[in-house]
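Coordinates in review
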Amino acid sequence: MLAKQIYDVVIVGSGPGGVAAAIEAKKAGADDVLIIERDTELGGILLQCIHNGFGLELLKEDLPGPGYAQHFIEEMLSLHVEVLLNTMVMDITPQRHLFLSSKEHGYVEIEARSIVLAMGCRERTRAQIRIPGYRPNGIYTAGTAQRWVNVEGYMPGKEVVILGSGDIGMIMARRLTFEGAHVERVLEIQSYLSGLSRNLVQCLQDYDIPLQLNHTIKRILGKNRVEAIEAVQVDEKWNFVPGTEEIIPCDTLLLSVGLIPENELSRKAGVKLDPITSGPYVDETFQTNVPGIFAAGNVVHVYDLVDWVSEAGFSAGKSAAKYAIALRNAEARYTPLVAGKNVRYVVPHKLDKSTLEAEDVRLQMRVTRPIEQPVWVEVHDGENLITRKAERYVRPGEMVTVVLKTKNYADVAKASKLTIDINPR
Amino acid sequence: MAEEVNFICTACPQGCALTVLMENGEVLGVTGNSCKKGLDYANAETSDPRRMVATTVKIRNGFHPLLPVYTERPVPKPMIPQVLAEIRKVELEAPVVMKTVVLENVLGTGINVLASRSMPAKK
């Protein structure tokens, strides 16, 4: 079972943004921090990014993705952040209730004083760039191929064409070459590279993989399996240039055509999204338009350096902790009033202690069953009696009243809750 | 005769376009760099180009079937195919701890190959 029903900070997603947020939330004084991950282990997409180049800014070390992830995961676990794996967040309300689903815990509702959205982003697919043709086997996003080759141990194919010069596409061109595939070329519809220049050098040029700018795919050939693609040059308005078509035989087409922040949950929580970034509008503390809901990392806008994602996570985690602590302090002003023995309910449900310092407070309640003998209506803090009132009898049809006096303030101020019991005299 | 060579610095993600003035294999001057790393890179790239190599090895009884590994320092670029072939021969048994040396002094380069992450045993 989960350790708590109410958490100070709940973080959705355990990639670099989420893990950084958890670390900083703890350091900033949040007590109960929970991180929720839908995969079988912590780390997010970094686990499949086995190439080097991570951590140069933040750790002054050239680490592969899994190593960078593990560095921060270990720090997070040493701070006693609670972890929930294999768990999908189904819904988030603007009041910061989260609905979770997992095989282990079933369907669970929890509450958070603040939330950090760190769901990252996902890849654009074929459907989003509308390539005509059949739908044969052999067309994957670059990230899917990356997961297969680097984590699960499968090769997507032998003769590869890559559409799009995003970083993951170029990195996969090199990776597939390492594993014995032949990467025929990389096509880019724009007149410039969409990823980092260093990846053009160390992923494509080092291995003589050609990059063709101003080129795209006109159609995909093959019915059951990709057999070839038809490449074509485009003009500055992305119109096909007639006569430039070229059939390139291949069995695999990888798409590296952009990333989209994953914000289905944000939308459900009432978070407003920027149509340009596809991520939430945030202030300098990474708070969204919904109070207490923060967002960090690729869910806000797509970064090219993981170090900066971690930095954004640190800021969001710190802000989320600050919000949660302020809320917890506000809640501490109140003492809950609990219906105890023979009491069905009490109104008010909670009491602002400072009110009692200035004036008497009347509590009203109904009993669960008639008691036709003299009784005490007792208000206690779990151990000590604070006040009591005698009644000759109590009946459900007749409301019972007891008054807390200003002189009770000192006792009430110490109590974490007040319980009202009705006992025979 | 001095000649100009142009390439992109890969020392960091900034990717500066370097222009290197060369004569008889000697670097006379570098322009286009934003920091000292660029100078070092230009010298290395024109005499002994090197790259970090990251790949995977088989791991028995692991949480995943593959363990990602990387060279602790950049290896000479022309050696990359042989380095990959050597690393491919490695087969490990889970559990393995991050930064464990999985292959020592690969091909006499003095460079070790390290585990990129810890890999717990299959549950």
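Note that the coordinates shown come from a computational prediction; the quantities given were computed from them, not determined experimentally. (Residues numbered from 1 in each chain as written. Chains lettered and ligands numbered in written order. Predicted model: local features only at pLDDT ≥ 70, side-chain atom pairs only at ≥ 80, totals over all residues. Heavy atoms only, no water.)

**Comments concerning the sheet that holds strand β21 (residues 361-367) of chain A**
All names here are of chain A. Note the threshold: Strands are treated as partners if at least two bridges between them are detected by DSSP. Starting at the N terminus, helices and strands are each numbered in turn, a helix being any DSSP run of H or I of at least four residues and a strand any DSSP run of E of at least two. Geometry is summarised by axes, namely lines fitted to C-alpha atoms with helices restricted to the contacting stretch, and by angles between N-to-C directions that run from 0 to 180 degrees.
Across the sheet, which stays open at both edges, the three strands sit in the order β19-β21-β24 with antiparallel pairing between neighbours. Of all strands in the sheet, those with a lone pairing partner are β19 (343-347) and β24 (400-404), marking the two edges. Geometrically, the sheet is characterised by an average inter-axis angle of 25° between neighbouring strands, direction not taken into account. Here β21 pairs with β24 via five bridges, running antiparallel. For Leu 363, the partnering residue across the bridge sits in β24 and is Val 402.

**Section: the sheet that holds strand β1 (residues 3-8) of chain B**
All names here are of chain B. This is how the line gets drawn: What makes two residues a contact is simply this: any of their non-hydrogen atoms within 4.5 Å.
With respect to topology, three strands assemble into an open sheet ordered β1-β2-β3, the strand pairing being antiparallel. Edge positions in the sheet fall to β1 and β3 (26-31), since each of these pairs with one other strand and no more. Direction aside, the axes of adjacent strands within the sheet are offset by 30° on average. In terms of strand pairing, strand β2 (residues 17-23) meets β3 through five bridges, oriented antiparallel. The partner of Leu 21 across the bridge, within β3, is Gly 29. The sheet strands contacting helix α1 (residues 36-47) are β1, β2 and β3, and the helix crosses β2 at an angle near 50°.

**Notes on the domain arrangement of chain B**
Quick note on the threshold: Either an automatic procedure or a domain database provided the assignment from which the domain bounds are taken.
For chain B, the domain assignment lists domain 1 (3-47) and domain 2 (54-115). Placing the centre of domain 1 of chain B and that of domain 2 of chain B at their C-alpha centroids yields a distance of 30 Å.

**Some points on the packing of helix α1 (residues 16-27) of chain A against helix α8 (residues 306-332) of chain A**
Residues and elements named next belong to chain A. Applied cut-off: When describing relative orientation, an angle under 35 degrees is termed roughly parallel and one over 145 degrees roughly antiparallel, while 65 to 115 degrees is termed roughly perpendicular and anything else oblique. Handedness of a helix crossing follows the sense of rotation of the near helix relative to the far helix, less than a right angle counterclockwise being left-handed and clockwise being right-handed.
At a minimum axis separation of 7 Å, α1 and α8 run at an interaxial angle of 40°. As judged from the angle between their axes, α1 and α8 are oblique. Considering the relative orientation of α1 and α8, their crossing is right-handed. When α1 is examined against α8, the residues Pro 16, Gly 17, Ala 20, Ala 21, Ile 23, Glu 24 and Ala 25 are found in contact with a partner set consisting of Val 306, Val 309, Ser 310, Gly 313, Phe 314, Gly 317, Lys 318 and Ala 321.

**Examining the interface of chain A and chain B**
Interface size, as often reported, equals the accessible area lost upon joining of the parts. Basically, it comes down to this: Throughout, buried area stands for the accessible area (probe radius 1.4 Å) lost by two parts on being put together, summed over both. Salt bridge, as applied in this entry: a Lys or Arg side-chain nitrogen positioned within 4 Å of an Asp or Glu carboxyl oxygen. In the analysis that follows, any N or O atom pair within 3.5 Å is treated as a polar contact, provided that within protein one partner can donate a hydrogen and the other can accept it, and provided that, for residues neighboring in sequence, both atoms belong to side chains. Think of it as three bins: nonpolar holds Ala, Val, Leu, Ile, Met, Phe, Trp, Tyr, Cys and Pro, charged holds Asp, Glu, Lys and Arg, and polar takes everything else, Gly as well.
If you look at the interface, chain A gives 31 residues, while chain B gives 29 residues. Roughly 2600 Å² is buried in total at the junction of chain A and chain B, and carbon and sulfur atoms are behind 57% of that figure. The three residues of chain A that bury the most area against chain B are A:Gln70, A:Phe178 and A:Arg198, which together make up 20% of that side's buried surface. For the pair chain A and chain B, the number of links is five salt bridges. Between A:Glu179 and B:Arg88 there is a salt bridge, and its shortest N-O distance comes to 3.2 Å. Linking chain A to chain B there are 13 residue pairs in polar contact (both at pLDDT 80 or more). Mapped by element, the contributors of at least two residues to the side of chain A that touches chain B are α2 (65-78), α4 (142-152), α5 (167-178) and α6 (197-204) of chain A. If you tally residues by element for the side of chain A that touches chain B, the top one is α4(A), at five residues. Tallied by class, residues from the side of chain A that touches chain B come to 13 nonpolar, nine polar and nine charged.

**Focus on the environment of A:Ala312**
Residues and elements named next belong to chain A. Counting through the fold element by element, Ala 312 comes out in helix α8. When the C-alpha positions of Ala 312 and Val 346 are compared, they lie 45 Å apart, and in sequence the two are 34 residues distant. If near-sequence neighbours (up to four positions away) are discounted, Ala 312 is found in contact with Phe 286, Ala 296, Gly 297 and Tyr 303.

**Observations concerning the side chain of A:Thr335**
The topology assignment puts A:Thr335 in strand β18 (residues 334-339). Ignoring sequence-local partners within four residues, the contact set of A:Thr335 consists of A:Lys350, A:Leu351, A:Lys353, A:Val412, A:Ala415, A:Ser416, A:Lys417 and A:Leu418.

**Brief notes about the packing of α5(A) against α6(A)**
Residues and elements named next belong to chain A. Interhelical geometry of α5 versus α6 gives an angle of 15° and a closest axis separation of 8 Å. Taken together, the axes of α5 and α6 are roughly parallel relative to one another. The element α5 and its partner α6 pack so that their crossing is left-handed. The segment α5 lies against α6, with Asp 167, Met 170, Ile 171, Ala 173 and Arg 174 engaging Asn 199, Leu 200, Gln 202, Cys 203 and Leu 204. Of the residues in the contact of α5 with α6, the class split is six nonpolar, two polar and two charged.

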